[in-house]
Amino acid sequence: MPTAAGSPTRGRADGAARVKGYAWGLASRVVGAVQGAAASASDIVGEAARALATPTGLAGATVEALWLGTHLAIYPLGIMGTHAKDVSQGYRIEHLGPVQRGLVISDIEAAGTPILLVHGMADNRSVFTLLRLGLRRRGFGHMTTMNYSILTGDVRVAAAQLAEEIEAIVAETGYERIHVVGHSMGGLIARYYVTRLGGDERVHTLVTLGSPHHGTYLAYAWNSRIMQQLRPGSPLMQELEQPVESCRTRFLCYWSDIDQLMFPQRTAALEHPDLNVTNVEMHGVGHMSLPIMQSVVHGIGAALAHLDSDGSTVAPGATPFAGRRRSG
């Protein structure tokens, strides 16, 4: 017997059809999103593989392996104590080499501005051994390296500890603003301090080396609290993307096309409309090698020397800080 239009049986059939159609549509969208993400991941891996296959990439991988072995050997030396200082002998110049003497004579304020070095996850200050030596040779007379616990489980907590360290340096040296160089997660910790805790009043220039400014998908490899924070789109990443009003700090961000811990590699380039950023792309440089590369040491030294009152660089050949935002 035919079912009358508008009967309960016909209504249930129409409802089931709508649910089935919605389910198929949702499934199609999910499959499409997964396929799109897979294709994007494939493109990223392909780009990194092509960069690694070049002569520069192969040379960089070799340097990375050699430095990693060296770093593991000196790692125990960096564990002792919470921080170490490298301070010049006042204003005397007879003990300085030509390059050091030139910076002290031409711009004693730039030479004396304290530089704080902040390491990455599960690391310590030994990763900056060569960077400290390089900056020292270029005339910078006050460097401090701090250790934070390898058990640190929250970027925000580490940023609060960084604030205490910087206040101690300011009180000790009399400089109201200092420079900070952060490797890997150390750069992200410093960025949180600068942009979310008012640290731009204390930090003139923040240099980040391979820092996951927009999260890294490799953070899904481990389900700890800190790894959850380092994932793209995490609450921490969303907080860092919020507006930053009148931030005074300059950002110099180095990233590499074969950085094996940044996925995608471009995540170490900082993109934020409110920040004065210069991104510098490195070719064929591994994650751990960023602090030891001669070009990086030179770029940092040049950017921190001979600063104009507006924060721009005036030294010939220095990494420029022009305008509010610059991408590399």
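Treat the numbers as computed from the prediction; the structure is a model and nothing was measured. (Residues numbered from 1 in each chain as written. Predicted model: local features only at pLDDT ≥ 70, side-chain atom pairs only at ≥ 80, totals over all residues. Heavy atoms only, no water.)

Another point: the packing of aromatic side chains. One pass over the full model with this rule turns up 2 aromatic pairs. Considering the side-chain rings of Tyr217 and Tyr220, the 6.2 Å spacing of their centres and the 15 degrees angle between planes classify their relative orientation as stacked. The partly exposed category is assigned to Tyr220, whose relative accessible area is 47%. On the basis of an interplanar angle of 80 degrees and a centroid distance of 6.3 Å, the ring pair of Tyr217 and Phe263 is categorised as edge-to-face. Of this pair, Tyr217 sits in the loop between β5 (203-209) and α8 (225-229) while Phe263 sits in the loop between β6 (250-256) and β7 (276-282); the two residues are 46 residues apart in sequence, bridging distant segments of the chain. Taken together, the aromatic side chains of Tyr217, Tyr220 and Phe263 make up a single cluster linked through ring pairs. (Phe/Tyr/Trp six-rings, centres within 6.5 Å; stacked < 30°, edge-to-face > 60°. Buried < 20%, exposed > 50% of the residue type's maximum accessible area, 1.4 Å probe, protein only. Helix = DSSP H or I, 4+ residues; strand = E, 2+ residues; numbered from the N terminus.)

Within the largest apolar cluster, 37 residues are counted, with the highest numbers of intra-cluster contacts made by Leu116, Val155, Leu162, Ile166, Val180 and Phe251. Going through the elements one at a time, β2 (115-118), α6 (155-173), β4 (178-183), α7 (185-196), β5, α8, α9 (235-240) and β6 are the ones with two or more residues in this core. Here this core gets 8 residues from one element, more than from any other, and that element is α6. In contact with Ile166, not counting residues within four places along its chain, are Leu116, Ile178, Val180, Tyr193, Arg202 and Val203. Formed by 26 residues, the second largest nonpolar core is a distinct cluster that contains Val285, Met288, Val297 and Leu304. (Core = buried A, V, L, I, M, F, W, Y, C linked by side-chain atoms within 4.5 Å. Contact = heavy atoms within 4.5 Å.)

Attention now goes to the pairing of β7. Most of β7 sits out of view: 6 of its 7 residues are buried. The pairing of β6 with β7 spans 7 bridges and is parallel. What sits directly across from Arg250, in β7, is Asn276. (Pairing = 2+ DSSP bridges.)

The N-to-C vectors of α6 and α7 enclose an angle of 75 degrees; their axes lie 8 Å apart at closest approach. If you check the angle between α6 and α7, you find them roughly perpendicular. Residues Val155, Arg156, Ala158, Ala159, Leu162, Ala163, Ile166 and Glu167 of α6 pack against Met185, Leu188, Ile189, Ala190, Tyr192 and Tyr193 of α7. For the contact of α6 with α7, the per-class residue count stands at 12 nonpolar, no polar and 2 charged. (Axes fitted to C-alpha atoms, helices over the stretch in contact; angles between N-to-C directions. Parallel < 35°, antiparallel > 145°, perpendicular 65-115°, else oblique. Nonpolar A, V, L, I, M, F, W, Y, C, P; charged D, E, K, R; others polar.)

A few words on the pairing of strand β3 (residues 142-146). Along β3, 5 of the 5 residues are buried, which leaves the element largely enclosed by surrounding structure. The pairing of β2 with β3 spans 4 bridges and is classified as parallel. Note on β3: the bridge partner recorded for Leu117 is Thr145.

A separate point is unusual backbone geometry. For the bond running from Phe263 to Pro264, omega is 0 degrees, close enough to zero to count as cis. Relative to the helices and strands, Pro264 resides in the loop between β6 and β7. With phi around 60 degrees, Ala122 is a residue other than glycine that occupies positive phi space. Mapped onto the fold, Ala122 is located in the loop between β2 and α5 (129-137). One non-glycine residue, Ser246, lies in positive phi territory at about 55 degrees. Structurally, Ser246 is set in the loop between α9 and β6.

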